[in-house]
Amino acid sequence: MAQIHIPPFDRRAQRGAALFTALMFLVVLTLISLAAMRSSTLEMRMATNDEARLTAFQRTQAVVDATIGETDNIKVIGAVGRRTCTGADAGDTPDGLDCDLYGIDLAGDTFDSDVADGIIKVAVTRLSPAEAPAPRSLGTSAAVYSVATFKVDSLYDGTENGLGRGRIVEGVMVLISK
């Protein structure tokens, strides 16, 4: 059997290549980890902002639905241009304009604290006289019905609580029996 010759270990022949390679590998891994952390943080912020946007939209739509659901908020009597709003002054309207009446009632107690804190602002504006004919697309007789149209302007601003901000302006048509 042949003998294998192993040269003697010489410390002077070592140049630290393994140490340098290991350090470079650790630097590369650290940079990759930092990039992944930064990317994850950015994605988390984007997801949080998207959630706040959707929450604000849903809350704003719920306010519009609650406004329309309360028949006293959309009164057929009154002149064209008449505005009814939440709150007690122009600062409590979505657009900062004055109102003729204040005191929109949003169904139930769900929104009372948000209205009081100025987070929710709603204005309902009469757009047409009650004698306007009903659109033909409704399939109703113009001899039997007329319509009154309204604009519901709703603002939800929960930015102080990290809940986003949303505004919806929606048209409403009320059929009136002649």
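Residues numbered from 1 in each chain as written. Predicted model: local features only at pLDDT ≥ 70, side-chain atom pairs only at ≥ 80, totals over all residues. Heavy atoms only, no water.

Colleague: Would you mind going over the overall build of the protein with me for this structure?
Modeller: For the protein, the count of helices and strands is 2 helices and 6 strands. The N-to-C order of helical and strand elements in the protein reads α-β-β-α-β-β-β-β. Looking at the protein residue by residue over its 178 residues, the buried ones come to 28%. For the protein, the exposed area adds up to about 12,200 Å²; of that, 59% sits on carbon and sulfur atoms. (Helix = DSSP H or I, 4+ residues; strand = E, 2+ residues; numbered from the N terminus. Buried < 20%, exposed > 50% of the residue type's maximum accessible area, 1.4 Å probe, protein only. Areas by Shrake-Rupley, 256 points an atom, 1.4 Å probe, with all protein chains shown as cover.)

Colleague: Any chance you could explain a nonpolar patch on the surface here in plain terms?
Modeller: Together, Phe-20, Met-24, Val-27, Leu-31, Leu-34 and Met-37 make up an exposed nonpolar region whose accessible area comes to about 620 Å². By secondary structure assignment, the location of Leu-31 is in helix α1 (residues 17–69). (Patch = residues over 30% accessible without salt bridge, like charges linked within 9 Å, V, L, I, M, F, W, Y side chains within 5 Å. Salt bridge = Lys/Arg side-chain N within 4 Å of Asp/Glu carboxyl O.)

Colleague: Whenever I open this one, the side chain of Ser-154 confuses me. Can you help?
Modeller: When you line up the elements, Ser-154 lands in strand β5 (residues 145–157). For Ser-154, a relative accessible area of 0% gives the class buried. The residues touching Ser-154, leaving out its near neighbours within four places in the chain, are Thr-60, Val-63, Val-64, Pro-94, Lys-121, Val-122, Gly-166, Arg-167 and Ile-168. (Contact = heavy atoms within 4.5 Å.)

Colleague: Would you explain the nonpolar core in this entry?
Modeller: The tendency in soluble globular proteins is for nonpolar side chains to be buried side by side. Counting 20 residues, the largest nonpolar core has Leu-106, Ile-120, Val-122 and Val-124 as its most contacted members. If you list the elements that add at least two residues to this core, you get α1, β3 (120–126), β5 and β6 (165–177). Setting aside anything within four residues of it in sequence, one finds Val-124 in contact with Thr-67, Asn-73, Ile-74, Arg-82, Arg-83, Thr-84, Ile-104, Phe-150, Lys-151 and Val-152. (Core = buried A, V, L, I, M, F, W, Y, C linked by side-chain atoms within 4.5 Å.)

Colleague: Explain the state of the cysteines to me, please; I cannot follow it from the model alone.
Modeller: A covalent bond between the sulfur atoms of two cysteines is referred to as a disulfide. The final tally for this structure, using the stated rule, is 1 disulfide. Disulfide pairing places Cys-85 opposite Cys-99 at an S-S distance of 1.6 Å. The S-S bond linking Cys-85 to Cys-99 shows a torsion near -60°; that makes this disulfide left-handed. In this pair, Cys-85 sits in strand β1 (residues 83–85) while Cys-99 sits in the loop between β1 and β2 (101–102), placing the two residues 14 residues apart along the sequence. With respect to class, Cys-85 is no different from Cys-99; both count as buried. (Disulfide = S-S within 2.5 Å.)

Colleague: Would you mind going over the pattern of salt bridges with me for this structure?
Modeller: Pairing between side chains of opposite charge can happen when their charged atoms approach one another. Evaluation of the coordinates by the stated rule reveals 3 salt bridges. One salt bridge connects Asp-50 with Arg-53, and the closest N-O pair in it is separated by 2.7 Å. Residue Asp-50 and its partner Arg-53 are both found in helix α1; the two are separated by 3 residues, about one turn of the helix. For Asp-50, a relative accessible area of 35% corresponds to the partly exposed category.

Colleague: So what exactly am I meant to see when it comes to a negative patch on the surface here?
Modeller: Taken together, the side chains of Asp-72, Asp-105, Asp-109 and Asp-112 make up a negatively charged region of the molecular surface. Inspection of the secondary structure puts Asp-105 in the loop between β2 and α2 (112–116). Among the residues examined, Asp-105 registers a relative accessible area of 40% and is labelled partly exposed. (Lys, Arg positive; Asp, Glu negative; His and termini not counted. Charge placed at Lys NZ, Arg CZ, Asp CG, Glu CD.)

Colleague: I would appreciate a short explanation of α1 in the present structure.
Modeller: In an α-helix, one turn spans 3.6 residues; hence positions three or four apart end up facing the same way. In this model α1 runs 77 Å from its N-terminal to its C-terminal C-alpha over 53 residues, within 8% of the 78 Å that 1.5 Å per residue would give. Of the surrounding elements, those touching the buried residues of α1 are β3, β5 and β6. (Expected span 1.5 Å × (residues − 1).)

Colleague: Please explain the environment of Gly-164 as it appears in this structure.
Modeller: Relative to the assigned elements, Gly-164 resides in the loop between β5 and β6. Taking the C-alpha atoms as reference points, Gly-164 and Asn-49, 115 residues apart in sequence, are found 7.7 Å from one another.

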